[in-house]
Amino acid sequence: MNANAIIPPKSHARLNRIKTASRIIRFLNIFFFIVGATMFIEMLFGWTFFFPGRRIVISDNHIYRLAADLPSAIFALWLVKNLLGLGCMVVFNFLFRLYEQGILFSPKNILYLRFLGYGLIINWAIDYQLQSSLHDMNLSLTPVFGGMLIIFVAWIMDEGRNLKEEQELTV
């Protein structure tokens, strides 16, 4: 549902603010995606061109210089965690592209929000597995609650969208 089609002309200023803020957030997200992907690739292949002093910190007592220094089980989890993070950044970009286009309550928005919520929870589970395998537990449940909150907000948005569609079909 395109917000341009349902918003009265006097509210276009609000929609324009949403579009402008979304454009700025997308720009920042793309910048941090490029930086994060560059750091990930450098750590994965052992290059030190852009970030020479960068280290892989799994926990306070387990800091590695290169991905090749990681034990194989830890390397696999580290790889999945980083790919999940980059994937979430791509989905975040898709979500804010919709906002930039004035599409605020579509099924795609809800799908993207759910993905981000589940991404936070899965990321926490990977951190839990990493730290438990190293016998160095130092975790917070905040990402789990944050992910559940995002999923809950997506559910509320979906229910609101369904109610709006039902009202539009009622004569």
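Everything below is about the structure shown above.
Counting starts from 1 at the beginning of each chain's written sequence and moves along it residue by residue. With the structure being a predicted model, the display of local features is reserved for residues of pLDDT at least 70 and the display and counting of side-chain atom pairs for 80 or more, all residues being used for whole-chain, interface and lining totals. Excluded from the side-chain calculations are hydrogens and water; all other atoms, namely the structure's heavy atoms, are used.

What to know about the environment of Arg161
To keep things clear, this is the line we draw: A run of H or I in DSSP counts as a helix once it spans at least four residues, and a run of E counts as a strand once it spans at least two, with each numbered from the N terminus. Throughout this description, buried means an accessible area under 20% of the type-specific maximum (1.4 Å probe, protein chains only), exposed means over 50%, and partly exposed covers the range between. It only takes one pair of heavy atoms within 4.5 Å for two residues to be counted as in contact. Polar contacts, as used here, are pairs of N or O atoms within 3.5 Å; protein pairs need one atom able to donate a hydrogen and one able to accept it. Residues neighboring in sequence count only if both atoms are side-chain atoms.
If you trace the backbone, Arg161 turns up in helix α5 (residues 142-169). According to the relative accessible area criterion, Arg161 is buried, its value standing at 12%. Taking the C-alpha atoms as reference points, Arg161 and Phe32, 129 residues apart in sequence, are found 32 Å from one another. Beyond its immediate chain neighbours, meaning those up to four positions away, Arg161 contacts Phe105, Ser106, Pro107 and Ile110. Within polar-contact distance, the side chain of Arg161 engages the side chain of Asp158 at 2.6 Å.

Some details on the layout of surface pockets
Here is the rule we go by: Here the term cavity refers to a set of points on a 1 Å grid, laid over the protein atoms alone, in which a 1.4 Å probe fits but cannot get out; the term pocket refers to an open set having protein on both sides within 12 Å along at least five of seven lines, with lining residues being those that place an atom within 4 Å of a point. Grid points are joined across faces, edges and corners, and a volume is the space filled by probe spheres set on the points. Residue type decides the class: Asp, Glu, Lys and Arg count as charged, Ala, Val, Leu, Ile, Met, Phe, Trp, Tyr, Cys and Pro as nonpolar, and the leftover types, Gly among them, as polar.
Counted as a void, the largest pocket has a volume near 430 Å³. As for the largest pocket, its lining consists of 19 residues, and the residues nearest its centre are Arg54, Ile56, Trp78, Lys81 and Asn82. Going through the elements one at a time, α2 (12-45), β1 (56-59), α3 (72-100) and α4 (107-133) are the ones with two or more residues in the lining of the largest pocket. Broken down by element, the residue count for the lining of the largest pocket peaks at six residues, all from α3. For the lining of the largest pocket, the class distribution of residues is ten nonpolar, five polar and four charged.

Considerations on the pattern of salt bridges
Opposite charge on two side chains permits them to pair, given that their charged atoms come into close proximity. Inclusion rule: One side-chain nitrogen of Lys or Arg within 4 Å of one carboxyl oxygen of Asp or Glu is enough to make a salt bridge.
By the definition in use, this model includes seven salt bridges. The shortest N-O distance in the salt bridge between Lys81 and Asp127 comes to 2.9 Å. Placement of the pair is Lys81 in helix α3 and Asp127 in helix α4, with a sequence separation of 46 residues. Between Lys164 and Glu168 there is a salt bridge, and its shortest N-O distance comes to 3.7 Å. Taken as a pair, Lys164 and Glu168 lie in helix α5 at a separation of four residues, close to a single helical turn.

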